[in-house]
Amino acid sequence: MKLDSLPRYRLTALPTPLDETPRLSKELGARILFKRDDLTGFALGGNKIRKLEFLLADALAKNADVLVTGGGAQSNHTRATAAAARKAGLDAFLVLSGERPSESNGNLLLEELLGAEIRFLGGGWRDTDSEIGNAAAELAARGRRPYIVPVGGSSVLGCCSYIIAVGELLEQLDALQVNPDYIVVTTGSCGTHAGILAGLKYHGRKIPVIGITVSRSVAEGTQRITRLVNETAAFLETPLPLEANDIVIREGYVGKGYAQITPEAREAIKRVARSEGIFLDQVYTGKTMAGMIDLLAKGDLAHGATIVFWHTGGTPGLFGHAQDFREM
Ligand SMILES: *Cc1c(COP(=O)(O)O)cnc(C)c1O
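These numbers were taken from a predicted model, which means no experiment stands behind them. (Residues numbered from 1 in each chain as written. Predicted model: local features only at pLDDT ≥ 70, side-chain atom pairs only at ≥ 80, totals over all residues. Heavy atoms only, no water.)

The next subject is the side chain of Thr-187. Position of Thr-187 relative to the elements: it lies in strand β7 (residues 182–187). Thr-187 sits in the buried class, given a relative accessible area of 1%. Among the polar contacts listed, one links the side chain of Thr-187 to the side chain of His-193, at a separation of 2.9 Å. Thr-187 has contacts with His-193, Gly-211, Ile-212, Thr-213, Val-214, Ser-215, Ile-225 and Ile-249, leaving out every residue within four places of it along the chain. (Helix = DSSP H or I, 4+ residues; strand = E, 2+ residues; numbered from the N terminus. Buried < 20%, exposed > 50% of the residue type's maximum accessible area, 1.4 Å probe, protein only. Polar contact = N/O pair within 3.5 Å; in protein donor to acceptor, adjacent residues only side chain to side chain. Contact = heavy atoms within 4.5 Å.)

Turning our attention to unusual backbone geometry. Here the amide bond leading from Leu-14 into Pro-15 is cis, since omega sits at 0 degrees, within 30 degrees of zero. Inspection of the secondary structure assignment puts Pro-15 in the segment before β1 (18–20). A positive phi angle is found at Gln-177, which is not glycine, with a value near 55 degrees. Positionally, Gln-177 belongs in the loop between α6 (156–176) and β7.

Looking at soluble globular proteins, one finds that nonpolar side chains tend to be buried together. Counting residues in each nonpolar core, the largest one holds 61 residues, and the members touching the most others are Leu-67, Tyr-147, Ile-183, Ile-196, Ile-225 and Trp-310. The leading source of residues in this core is α6, at eleven residues. Ile-196 has contacts with Tyr-162, Val-166, Ile-183, Val-185, Val-209 and Trp-310, leaving out every residue within four places of it along the chain. By size, the runner-up hydrophobic cluster in this structure holds 30 residues, among which are Leu-24, Val-184, Tyr-253 and Ile-307. (Core = buried A, V, L, I, M, F, W, Y, C linked by side-chain atoms within 4.5 Å.)

Our focus in this paragraph is the layout of surface pockets. When its volume is computed, the largest pocket comes out at roughly 830 Å³. Forming the walls of the largest pocket are 42 residues, and the residues nearest its centre are Gly-71, Gly-72, Val-151, Arg-216 and Tyr-258. Counting only elements with at least two residues in the lining of the largest pocket, the list comes to α2 (47–61), β3 (66–71), α3 (76–87), α5 (128–141), β7 and α7 (191–202). Counted by class, the lining of the largest pocket contains eight nonpolar, 26 polar and eight charged residues. One number sums up the size of the second largest pocket: a volume of about 380 Å³. Lining the second largest pocket are 16 residues, and of these Ala-73, Gln-74, Pro-101, Gly-320 and His-321 sit closest to its centre. For the lining of the second largest pocket, a count of residues per class yields seven nonpolar, seven polar and two charged. (1 Å grid on protein atoms, 1.4 Å probe; cavity = no way out; pocket = protein on both sides within 12 Å on 5 of 7 lines; lining within 4 Å. Points joined across faces, edges and corners; volume = space filled by probe spheres on them. Nonpolar A, V, L, I, M, F, W, Y, C, P; charged D, E, K, R; others polar.)

Moving on: the environment of Arg-79. Along the polypeptide, Arg-79 turns up in helix α3. Owing to a relative accessible area of 1%, Arg-79 belongs among the buried residues under this scheme. Put simply, Arg-79 and Thr-222 are 143 residues apart on the chain and 27 Å apart in space, counted from C-alpha to C-alpha. Contacts of Arg-79, omitting those with residues within four sequence positions, involve Ala-43, Leu-44, Gly-45, Asn-107, Leu-110, Glu-111, Leu-114 and Pro-316. For Arg-79, the side chain forms a polar contact with the main-chain oxygen of Ala-43, separated by 2.9 Å.

This brings us to the sheet that holds strand β4 (residues 91–96). Spatially, the four strands line up as an open sheet ordered β5-β4-β3-β6, and their pairing is parallel. Each having just a single partner strand, β5 (117–120) and β6 (146–148) make up the two edges of the open sheet. Taken pair by pair, the neighbouring strands of this sheet meet at an average axis angle of 25 degrees, ignoring direction. The pairing of β3 with β6 spans three bridges and is parallel. Among the inter-strand pairings, Val-68 is bridged to a residue of β6, identified as Ile-148. Contacting β3 and β4, α3 runs over the sheet at an angle of about 170 degrees to β3. (Pairing = 2+ DSSP bridges. Axes fitted to C-alpha atoms, helices over the stretch in contact; angles between N-to-C directions.)

Near the ligand there are 15 residues, and of these Lys-48, Lys-51, Ser-189, Thr-192 and Thr-312 occur at the shortest range. Here an oxygen atom of the ligand sits 2.9 Å away from a polar atom, N or O, in the side chain of Asn-76. The side chain of Thr-192 places a nitrogen or oxygen atom 2.7 Å from an oxygen atom of the ligand. Protein burial of the ligand: of its 380 Å² of free accessible surface, 98% is covered by the chains. (Near = heavy atom within 4 Å. Areas by Shrake-Rupley, 256 points an atom, 1.4 Å probe, with all protein chains shown as cover.)

So far we have only geometry, and geometry alone does not tell us how the molecule works.
In structure tokens:
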């Protein structure tokens, strides 16, 4: 399959801006450019919108009438999927971890406005992927035509959208005549990190990519990224050969657990808001920024470096976690 002939259902308003952040850069002693994928232009933005253009096109090609996916209680991915479904006249069925909260806000409020069918999985650990599979089977038994969108949209099609996004970034960098020393990105379900690595291979450019994990171990992230890049290469029938040092994931910034605020993330979110008027989120980009600040302080990222910080969105989640900022 050729990248430019992949079926795509347009949701985005691209290119997203590539913004200089002069005050933040001065404070941190590095030139930081933000790739503003918080502004992908549909349903309050974020990286999932890019991925969903290809997932939705695939669902329509397969004649689906309902998208089925899942995630955390304040998942950006499920909100984006529900909105994408509506845009194409489909329904959405979402499985979310935890109990239904007494109040709906943030992404959950938006999902309710979209009229998505929502199933809360309740307490205790449940495997989201298999619960998505169960929900799809139930829908099919009722005569519906479900299409499973994998958690985080992290599939080959999701990666393809980030190969294209890297092409977009490279054009912007070339126009500015900037050659960055690093790209910093959140490593979550790994599709974005894998897609960026695949994109740099695809476009024949070498820029170190530093992932900051917000959930998985380095070993698990490395395994997932390797698999996604290799599957994407096979799908596109293009060699995207990973070298030993290509996958870089830094850990130590998760704190008590996924989606639980850390003091450093809270500080990073305030710092970026107050220096640049840009909002990060608690679950992903705030922790990633906290990690980047720490790596710069330690010299793991070189002082004076030029860094692209890939802002993957998540701002609607701010309103779902307002209690994290009680003690400003
Ligand atoms: C999903 C998400 C990520 C992580 O992207 P993956 O492709 O799942 O690794 C990062 N930031 C935000 C805001 C997200 O919603």
